[in-house]
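Geometric and topological summary
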Amino acid sequence: MNQVQFIQKIDNAQNKVAQILGHAKNPQVASKVEHSYDDKYLLAEFICNMGLASQITCLEQFGMTPEILNTLKGWAINGEAVTLRFRSEEKCSFIRTETRQEESKQKEVTEGSFFNLTSKVMTTIKEYFWKVEVSWEVVAFRGVGVEVMLRLNGRKGEHAIKTTSDIPPQAELISPSLVTNLDMTWFLTQLDKTSLNKDPSSFSPSFKINRKHIQCATPSQNPDIFPALTFGNNVTRWCNDISRFIHHNMIMKLDAPMAKSMNTQSLDQPNLLFIPILPMFQQQTYSSFDNLSISSSSSNNAPTEEREEENDKKTETTITLSFKRAVRDDQESGSNVLLDISSIHKFLNEEARLLATRVNDLKQEYPTPTGPRLISSNEATMIMVCGHMKRVCSAWSESIAFIENMLRSQLIAAIGHEVTPTDFDNYMSFHNNKFFASAYKPKPMVHSIRRSHLHSPEGTLSVERMSASSEASTESNANKPIETFCSSRTSLENDMGFSINAATRICFSGERHLHGWLRHDFSNTNQSSEKISLNARARQFSGFIVIVGRLLDANNIDPQHAFLVQNRDEVEIPLSVSTIPTAKEFKDSIQSLSPEQQRFAKAFREMQLGATLMGVLVIQIKPQLEAVLDLPPDSLTKEIKLTKDLFSLFIDYQIPSDLLKYSTDESANLNETLSTTPTAFKVAAVKGHVASMLEMVSEVK
């Protein structure tokens, strides 16, 4: 159920609340009342305590007496697991056989001269009668053994089934036909003995949220709420099993007239009951909550006002609610928006009154449990109470989810829109710009590829990210460079290198940049929907080589891929980004492995860590061409056509560089009086070699 539907559901309950509390008090949905963040924690505790109290009221209809509840609480205090079990057994036995004659609807008429002869067909039907017995019980036991069991409720009923075959309608004995358990340990640990009531059977629901716990994030996201929601889910499952069994294994065995006379379809009527779990606030001022004694006895059918007056005179079991944490932690008294104690009193008593009234109605409609009938008021009460318990648990979980949705809606309203991973990246950029000094703040990972600061860029190299939600946006906003922490070195003593085959090793030097990327993701973000890519872009009449690989150590790189980018090329290479366990997670995971498995896991992790450090090498082509052609630096900077022809000869035709390079023999006869500079002469010589080679290639074509 979404938040809008849930608020509508609470608004619809306003009329019932007005009848219970009167028109002087007008509590509203919590989202419509001004409150503090601490009040949300108090509301979550209030909802859980109301849920506990409501479950006790319902369990009383299962046969949970004060003595049994006190015993179960003692077991839980001693550290033993306490379980409620519903167990059933079915038997089928043969009773008798009856034979009867049944007249057929068809008749044969023989016409004679004086009279007509009519004959009819009689069919002999043999019927078999079987007695089906169904017994069930609800017991409580501790631990895993059932040596000590406390019986809460149970009954045995029987029904006669008529068949036309001598085959039994079911197995002779099905034991057990259903066993379903409900762990009550957490529930019992949330019940404290009240110090203000001398009755040893009086308890106080005392659920609290430890807000100082390291894993406590919000009122609905903390280690204390999770067991409460789990208990509610287990109660729902347990009640579903019981209701399904009574419907399918008992009611369905009744013949149609008997089932119709019992009106089994109207057993579960939610409109006749009241669920006291309402996430409501009301402005009021009081010092603190006093302890509250609320009677949940099923025999209490008096109006609310009369029961409040006679509350002190009653000797039946009482549930004592003590909201010790209703006052905020940072003050001893003051304004609080939680419902006052008298309102809570009326809510729980109204639930108990309507539940008891409904039980009495079922006792009037259905046979007494002491009789032999298969369905009695006991089974009808079980179905009705199970339905109510399921709705209480549903309201419990929906109210807790409502607090989280309310917190989320208020945060979205404060910001203006829902925060996406892209928004959070923008925020981190803003935060880093304020937090770090200029020399240390993260910068976009975009590098201009140029020979020096005096030269124009040849192109750019960047690592960019694009989420799936950005694919529909404009191209200018779709891709965004990641921001990294960067440490740069311009001159290093040791050169790095890599081998291209067994006999050839390439060494290189130059600027080195070490990047570290701190990635931020939401816990529910699908990382596969976000694309990380290495992008290389070259300008017109420019080119460079990009080599991508893994860094093996400080002096070696293992090249995996290489490509040439030239003349306005744009190359995008997707990067596979995955998360490996942290050092602590890895250590915890291998703790229980064998020594051999630990050694293998550690060796495999070393391989994974080695693959996490990516190296990108950029080789500018023009400086390398000048070196292999024996030309002075910058001699090819303005020789665009010559550079283009050299690219074609080297790449397309694999011409050796020795056939194109300038040699010293060509300058032996150079006249020193000429005004031509040596650089121009060398370039002219290379142009001549290139022209000759192109002419030869043209002739071959």
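What this report covers is the structure whose coordinates are included nearby. (Residues numbered from 1 in each chain as written. Predicted model: local features only at pLDDT ≥ 70, side-chain atom pairs only at ≥ 80, totals over all residues. Heavy atoms only, no water.)

1. Section: the sheet that holds strand β13 (residues 443-444)
This is how the line gets drawn: Here, any two strands with at least 2 DSSP bridges between them count as paired. Numbered from the N terminus, helices here are DSSP runs of H or I no shorter than four residues, and strands are runs of E no shorter than two.
Spatially, β13-β17-β20 is the arrangement adopted by the three strands of the open sheet, whose pairing is antiparallel. A strand with exactly one partner marks an edge of an open sheet, and here the two such strands are β13 and β20 (512-516). Sheet topology places strand β17 (residues 483-489) next to β20; five bridges connect them, and they run antiparallel. Paired with Phe 485 across the strands is Gly 516, a residue of β20.

2. Thoughts on unusual backbone geometry
Each neighbour pair has its own omega, and for Ser 175 with Pro 176 the value is -5°, a cis peptide bond. Turning to its location among the elements, Pro 176 is positioned in strand β5 (residues 173-183). Positive phi, close to 60°, is recorded for Asp 630, a residue that is not glycine. By secondary structure assignment, the location of Asp 630 is in the loop between α15 (621-628) and α16 (640-651).

3. Some words on the pattern of salt bridges
The test is simple: Every case where a carboxyl oxygen of Asp or Glu lies within 4 Å of a side-chain nitrogen of Lys or Arg is listed as a salt bridge. Exposed residues in this analysis have more than 50% of their type's maximum accessible area, buried residues have under 20%, and partly exposed residues fall in between, with area computed by a 1.4 Å probe over protein chains only.
Under the criterion given, the structure shown has 26 salt bridges. When the shortest N-O distance is used, the salt bridge between Lys 584 and Asp 588 registers 3.1 Å. Remark: Asp 588 and Lys 584 occur in helix α13 (residues 583-589); sequence separation between them is four residues, near one turn of the helix. Judged by its relative accessible area of 42%, Asp 588 is partly exposed. Overlapping salt bridges, with partners in common, bring together Lys 16, Glu 350 and Arg 353 in one network.

4. A short note on the sheet that holds strand β22 (residues 543-551)
This is how the line gets drawn: Inter-axis angles, ranging from 0 to 180 degrees, are taken between N-to-C directions of lines fitted to C-alpha atoms, where helices are fitted over the stretch in contact. Residue contacts are counted whenever heavy atoms from the two residues lie within 4.5 Å of one another.
Strand order in this open sheet of three strands is β23-β22-β25, and the pairing throughout is antiparallel. Each of the sheet's edge strands pairs with one partner strand only, and the pair in question is β23 (557-566) and β25 (614-620). If you compare each strand with its neighbour and ignore which way they point, the axes differ by 20° on average. As judged from the nine bridges shared by β22 and β23, these two strands associate in the antiparallel manner. Bridge pairing links Val 548 to His 561 in β23. The strands touched by α15 are β22, β23 and β25; relative to β25, the strand with the most contacts, the crossing angle is about 55°.

5. What to know about a nonpolar patch on the surface
To keep it simple, the criterion reads: Candidate patch residues must exceed 30% relative accessible area and have no salt bridge, after which like charges are joined if within 9 Å and Val, Leu, Ile, Met, Phe, Trp or Tyr side chains if within 5 Å. Note on areas: Shrake-Rupley, 1.4 Å probe, and residue coverage restricted to the protein chains presented here.
Among the surface-exposed residues, Leu 411, Ile 415 and Val 419 lie close enough to one another that they form a single nonpolar patch of about 250 Å² accessible area. Residue position: Ile 415 is located in helix α10 (residues 377-415). Accessibility expressed as a relative area gives 44% for Ile 415, which makes it partly exposed.

6. Here's the deal with the packing of aromatic side chains
Put simply, the test is: Stacked, edge-to-face and tilted labels apply to pairs of Phe, Tyr and Trp rings (six-membered ring for Trp) whose centres lie within 6.5 Å, assigned for plane angles under 30 degrees, over 60, and everything in between, in that order. Our definition puts a charge over a ring when NZ of Lys or CZ of Arg is within 6 Å of the ring centre and also within 35 degrees of the ring normal.
Tallied over the full model, the rule gives 16 aromatic pairs. With centroids separated by 5.2 Å and ring planes inclined at 70°, the aromatic side chains of Phe 94 and Trp 130 adopt a geometry described as edge-to-face. Highlighted residues: Phe 94 in strand β2 (residues 82-111) and Trp 130 in strand β3 (residues 116-142), separated in sequence by 36 residues. Ring pairing ties together the aromatic residues Trp 186, Phe 187, Phe 207 and Phe 231, which thus form one cluster. In this structure, Arg 96 packs its charged tip against the face of Phe 129, placed 4.1 Å from the ring centre. Sitting above the plane of the Phe 586 ring, Arg 605 keeps its charged end 4.8 Å from the centroid.

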